[in-house]
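Structure assessment
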Number of protein chains: 2
Amino acid sequence: MNAQFKKGVLELIVLKSVVNKDMYGYELVEEVSKVVDVNEGTIYPLLKRLTNDHHFETYLKESTEGPPRKYYHITASGIMYVENLEDEWVEFANRVSEFLKEKKK
Amino acid sequence: MNAQFKKGVLELIVLKSVVNKDMYGYELVEEVSKVVDVNEGTIYPLLKRLTNDHHFETYLKESTEGPPRKYYHITASGIMYVENLEDEWVEFANRVSEFLKEKKK
DNA sequence: ACACACTACCTTACATTGTCAAGTACTAAA
DNA sequence: TTTAGTACTTGACAATGTAAGGTAGTGTGT
């Protein structure tokens, strides 16, 4: 899978995943992997960035299946950010699709 | 416009543009700009990369409107490469669109 | 003749983001 | 007690787009 295509889009997928319910990192790796190939080394730094930018708040919770989980909760700022990001993606993808369709004629 | 979304996609747009007819750099900057914002500093290094990878061959041609133009012609290798890249992009964009649609429910 | 705008190309320093590989540590099953 | 699965972290690296600057040819207006 082309690594470049994912740039910026993984952020969108992670944010959208967390909008509905708080999730922890390892869970997100699996969730995002259903859409596009991704590995831990990509997701954890991304979560840290989004937290530093105040789009996420975090809290720890014990687990019976391993070490404590760090849960991510989206903030009001995160909500605004993801809505804007989604609009941008849709607009971008549509423009590219239109271009490719034109070229096919 | 989100700079990250463009990663890899500009390459696709440039390649697709040159499939039909040979084009020169400055012309490509304007062509690609119709689809997504882009500047010269992005396109010229990209053209060089694709030429180094033997996806393009180049030749110079005089112009009455300014300095000589460097034309880019796609090679057989370039054709194969762009077809594969387009398939990957379509597959990728569909997966992301599906995911976003799911989240909307 | 001179300045300016437009065409056309190139390059360097930089920022961002994804990959790979390694490491830490807890729980449970073989 | 070794192994597998869960869970988080980090550092060195690669790829690609951006910004800003430079060089040079052609044509227009003053």
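The present account deals with the structure reproduced in this document. (Residues numbered from 1 in each chain as written. Chains lettered and ligands numbered in written order. Predicted model: local features only at pLDDT ≥ 70, side-chain atom pairs only at ≥ 80, totals over all residues. Heavy atoms only, no water.)

Side note on the protein's contact with DNA strand C
Close contacts around DNA strand C come from 28 residues, with Thr42(A), Tyr26(B), Lys48(B), Arg69(B) and Lys70(B) the closest. A share of 77% of the atoms of DNA strand C within 4 Å of the protein falls on sugar and phosphate groups. At a separation of 2.9 Å, a sugar or linking oxygen of DNA strand C approaches a polar backbone atom of Thr64(A). Take Arg69(B): an N or O atom from its side chain is 2.3 Å from a phosphate oxygen of DNA strand C. (Near = heavy atom within 4 Å. Polar contact = N/O pair within 3.5 Å; in protein donor to acceptor, adjacent residues only side chain to side chain.)

Some remarks on helix α4 (residues 76–104) of chain B
In this model α4(B) runs 43 Å from its N-terminal to its C-terminal C-alpha over 29 residues, within 8% of the 42 Å that 1.5 Å per residue would give. Residues of α4(B) that are buried include every one of Gly78(B), Val82(B), Leu85(B), Glu86(B), Trp89(B), Phe92(B), Ala93(B), Val96(B), Phe99(B) and Leu100(B), and no others. Along its buried surface, α4(B) packs onto α1 (9–20) and α4 (76–104) of chain A together with α1 (9–20) and β3 (69–74) of chain B. (Helix = DSSP H or I, 4+ residues; strand = E, 2+ residues; numbered from the N terminus. Expected span 1.5 Å × (residues − 1). Buried < 20%, exposed > 50% of the residue type's maximum accessible area, 1.4 Å probe, protein only. Contact = heavy atoms within 4.5 Å.)

Structural notes on the pattern of salt bridges
Under the definition given, this model contains 16 salt bridges over all chains. The partner of Lys101(A) in a salt bridge is Glu98(A), and the shortest N-O contact between them spans 3.3 Å. Placement of both Lys101(A) and Glu98(A) in helix α4 is noted, with a separation of three residues, approximately one turn of the helix. Within this structure, Lys16(A), Glu86(A) and Lys104(B) form a network of salt bridges that share partners. (Salt bridge = Lys/Arg side-chain N within 4 Å of Asp/Glu carboxyl O.)

Remarks on the relation of the copies chain A and chain B
The transform that puts chain A on chain B rotates by 180° and translates by 0.0 Å along the axis, for an RMSD of 0.0 Å. In the structure described here, the two chain copies are related by an operation that fits a two-fold rotation axis. A shared binding surface is used by both copies, with 100% of the interface residues of chain A retained as interface residues in chain B. (Least-squares fit on C-alpha atoms with pLDDT ≥ 70 in both.)

Observations regarding the nonpolar core
The nonpolar side chains of a soluble globular protein tend to be buried with one another. Within the largest apolar cluster, 60 residues are counted, with the highest numbers of intra-cluster contacts made by Val14(A), Phe56(A), Trp89(A), Val14(B), Phe56(B) and Trp89(B). Apart from the residues within four sequence positions on either side, Phe56(B) is in contact with Val14(B), Leu15(B), Val18(B), Leu47(B), Leu50(B), Thr51(B), Tyr72(B), His73(B), Ile74(B) and Thr75(B). (Core = buried A, V, L, I, M, F, W, Y, C linked by side-chain atoms within 4.5 Å.)

A word on the sheet that holds strand β1 (residues 23–24) of chain B
Residue and element names in this part refer to chain B. Spatially, three strands are ordered β1-β3-β2 in an open sheet, and the strand pairing comes out antiparallel. Only two strands of the sheet have a single neighbouring strand rather than two, namely β1 and β2 (56–61). Examined bridge by bridge, β1 and β3 share two bridges and lie antiparallel to one another. Opposite Tyr-24, over in β3, you have Tyr-71 as the bridge partner. Contacts from α1 reach β1, β2 and β3 within the one sheet, and its direction differs from that of β3 by about 90°. (Pairing = 2+ DSSP bridges. Axes fitted to C-alpha atoms, helices over the stretch in contact; angles between N-to-C directions.)

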